[in-house]
Amino acid sequence: MGASFSQPTYVSDPSKLAYKVYDYIIVGGGTAGCVLASRLSQDPDVSVLLVEAGGSNVVKDSAGLFSAVGVGNVRLLVLQRAHAKCVDPSETGATVTEPQPALNGRQINYPRGKMLGGTASLNALVYHHCSPSDFDEWESKGAKGWNYQSLAPYLRKSEKFTPNSSFPVDMEYRGTTGVWHTTFGYMHDICNKWIEAAEAVGIPRIADLNTPRGNLGVTKFTTFIDQKGQRSSPATAFLSKDVLKRKNLAVVIGTLTTRIIFSPDGSPAGAINSPQLLMLSGIGDSVELRKLNIPVVKHLPHVGKNLLDHPMVSLILRAKDGYTLDYMQETMKANYRDVAMVLDRQRTSIVKHDKTLFNSKADEADSTGLIDNTSGPDAPDLEIALAPVSLRPLPRPNNGISLIPMLIRPVSTGRLSLVSSSPFDKPSIDPAFLADPADMPMLDLKLDSNDTKDVYWPGDADPDNISNTDLEEWIRNNCVTVNHCAGTARIGTSEEDSVVDADLKVWGISNLRVVDASVFPTMVSGHPTAPIVAIAERISDLIMKDTK
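Let me sum up the structure you'll find in this document. (Residues numbered from 1 in each chain as written. Predicted model: local features only at pLDDT ≥ 70, side-chain atom pairs only at ≥ 80, totals over all residues. Heavy atoms only, no water.)

**A few points about the packing of aromatic side chains**
Quick reminder of the rule: Any pair of Phe, Tyr and Trp rings, taking the six-membered ring for Trp, is counted once the centres come within 6.5 Å. Such a pair is stacked with planes under 30 degrees apart, edge-to-face with planes over 60 apart, and tilted for the rest. Exposure categories follow from relative accessible area, calculated using a 1.4 Å probe and restricted to protein chains: below 20% of the type maximum is buried, above 50% is exposed, and the middle band is partly exposed. Here a helix means four or more residues in a row that DSSP labels H or I, a strand means two or more in a row labelled E, and each is numbered from the N terminus. Lysine NZ or arginine CZ positioned within 6 Å of the ring centre and within 35 degrees of the ring normal marks a charge as sitting over the ring.
Applying the stated rule across the entire model yields seven aromatic pairs. Each ring, one from Trp138 and one from Phe520, has its centre 4.9 Å from the other, and the planes form 40 degrees; the classification is tilted. For Trp138, a relative accessible area of 1% puts it in the buried group. Under the relative-accessibility criterion, Phe520 is labelled buried at 0%. A centroid spacing of 5.4 Å and a plane angle of 35 degrees characterise the contact between Phe167 and Phe184, whose relative ring orientation is tilted. With Phe167 in the loop between β6 (159-162) and β7 (180-183) and Phe184 in the loop between β7 and α5 (189-200), this pair connects stretches of sequence that are 17 residues apart. Taken together, the aromatic side chains of Phe135, Trp138, Tyr148 and Phe520 make up a single cluster linked through ring pairs. Across from the ring centre of Phe161, 4.2 Å away, lies the NZ or CZ of Arg174, which sits over that ring. One residue, Lys220, lies across the ring of Phe167, its end atom 5.9 Å from the ring centre.

Written out as structure tokens, the structure is:
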């Protein structure tokens, strides 16, 4: 095992550590990386290095996808500095998709969290176990040991839930001794009215999304906020001051791992933080790698394939002055992103899977194109979130309410691929939003207004007069990502159908695991942060057991 060492809280010059030997090197300080670094360094007899391309979690930046962990006695040799200041993706062109044919050729901004805690340091704060059948489906597709029964204890292990008397839940299903703070916050009266309206049309109210009963119904989201009202991200929860004081843990920031160096016997000498780096290191489709003159180490054709994500559209409904949070734009001089962060304590959501949603007449015999792509009978394929503010700019003093349908079990899948052999060139990202004809009918909640370019369209629409053609065109012009990308290094039964095995080890490569949302075999029916944490918790246990 590697020797103990002391270090400052964060290391910003990786050259000082370049020739040290570590038992565990974790590349990518995102959601999974923070959990792994914290749990593995609990053993004082091992040394752990966490390498993050961005800065600390107090910096809000944009970055690439996914993270990975290398296991064993490895030497980190290839580390280069990366710029870690706050950057808007629109200024760098850093993170946009390929033109999306089904979205009228639009390119979609695809920001990620380039900082400790990753995207969970700047996302919508939603704590959601998703549907139990999601994980049972994983196991049915070869991810042995990743069913709901196996993951449920780890979903609770990390959580420190603080009850709210206004939103009683069954505490049997919530964790109370973990380090990750969750709770129910204040809910705006508009959101209460939304829940009442949902109940009035037959959608049941449920107390808690995070139980074995599943997700179908209407409720308020739990959020990962502590008792001081601050974000409890994986970085703040798992990399606390006490954890960062551990002498056997080094956290390097502002540092990009460019590739893995392999010894002649095929053992790796580093770890990687994305399918992009897997391919840059020679692990991927051999035909595609050779086109870029990248030496092939291992032919794994599914690296970068199976890109999963949740598309969404937001429509604005008119509201009376003083009833929403739009006033914050003036009184707090807040931008829309700041307003959205406050909203996360307000959000409610409907998740429902049913071919007769809102009493539509679709059935097995009709031609709507609706199909059931859910993981089970108690799992949703659509989420409709409500925010008591306009998420698009409105001329003051106008006010709005945002209704946000999200397709959480799309049939379409995309891919991530290299454009060159340089680690500094962003990969090609093609989520293939709405590419499969089965996806559009699921978002086509028939709602008319005469001006389809008006900010309130189709919120002002007369549902009896609007045409499907106009509504579908509006969706194509306004659809964006929820930023839940996953699946590009999926778990499977062999290297012919996947990238990692059930222990998250890369097929044919010693001492290398991928641990994050990229290993999802199929998409979860909701928000993925809690499942990612649970995956990292479980694999940490497995790794530590393997080394004893």
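**Re the pattern of salt bridges**
A side chain with one charge may pair with a side chain of the opposite charge, provided their charged atoms come close. Heads up, the rule is: The term salt bridge refers to a side-chain nitrogen of Lys or Arg lying within 4 Å of a carboxyl oxygen of Asp or Glu.
As enumerated under the stated definition, the model contains eleven salt bridges in all. Arg174 is paired through a salt bridge with Asp208; the nearest N and O atoms lie 3.0 Å apart. One end of the pair, Arg174, is in the loop between β6 and β7; the other, Asp208, is in the loop between α5 and β8 (217-220), with 34 residues separating them in the sequence. For the pair formed by Arg174 and Asp208, the shared burial category is buried.

**Description of the pairing of strand β18 (residues 399-407)**
Condition: Two strands form a pair only when DSSP identifies at least two bridges running between them.
Burial analysis of β18 places nine of its nine residues in the buried class, the great majority of the element. Where burial is concerned, the two faces of β18 agree: the one with Asn399, Ile401, Leu403, Pro405 and Leu407 and the one with Gly400, Ser402, Ile404 and Met406 are both buried. Note: strand β15 (residues 315-319) against β18, five bridges, orientation antiparallel. Residue Ile316 lies in a different strand from β18, and its bridge partner there is Ser402. The pairing of strand β17 (residues 382-387) with β18 spans six bridges and is antiparallel. Along β18, the bridge assignment pairs Leu382 with Leu407.

**Quick look at the nonpolar core**
Rules: The set of buried Ala, Val, Leu, Ile, Met, Phe, Trp, Tyr and Cys residues whose side-chain atoms join them within 4.5 Å is what this entry labels a nonpolar core. We call two residues in contact whenever any of their non-hydrogen atoms come within 4.5 Å of each other.
Counting 113 residues, the largest nonpolar core has Trp138, Trp146, Leu239, Ile283, Leu434, Ile475 and Leu504 as its most contacted members. The residues touching Ile283, leaving out its near neighbours within four places in the chain, are Phe262, Leu278, Leu289, Lys298, Leu300, Val303, Val506, Ile509 and Leu512.

**A word on the packing of helix α1 (residues 31-40) against helix α14 (residues 529-546)**
Using the following cut-off: Under this scheme, a helix contributes an axis fitted over its contacting stretch, all axes are lines through C-alpha atoms, and angles between N-to-C directions fall in the 0 to 180 degree range. By the definition used in this description, the sense in which the near helix is turned from the far one sets the handedness, with an anticlockwise turn below a right angle giving left-handed and a clockwise turn giving right-handed. For this classification, Asp, Glu, Lys and Arg are treated as charged, while Ala, Val, Leu, Ile, Met, Phe, Trp, Tyr, Cys and Pro are nonpolar and the rest, including Gly, are polar.
Between α1 and α14, the least distance of the axes is 9 Å, while the angle of their chain directions is 35 degrees. Where α1 crosses over α14, the two elements pack in a sense that is right-handed. Mapping the contact onto sequence places Thr31, Ala32, Val35, Leu36, Arg39 and Leu40 in α1 and Thr529, Ile532, Val533, Ala536, Glu537, Ile539, Ser540, Ile543 and Met544 in α14. Among the residues making up the contact of α1 with α14, the classes are represented as ten nonpolar, three polar and two charged.

**With respect to unusual backbone geometry**
In this model, Asn306 sits at a positive phi of 60 degrees, which is unusual for a non-glycine residue. Mapped onto the elements, Asn306 comes out in the loop between β13 (298-299) and β14 (311-312). If you check the backbone angles, Asn511 has positive phi at about 60 degrees while not being a glycine. Secondary-structure assignment places Asn511 in the loop between β21 (480-481) and β22 (512-514). Given a relative accessible area of 36%, Asn511 falls into the partly exposed group.

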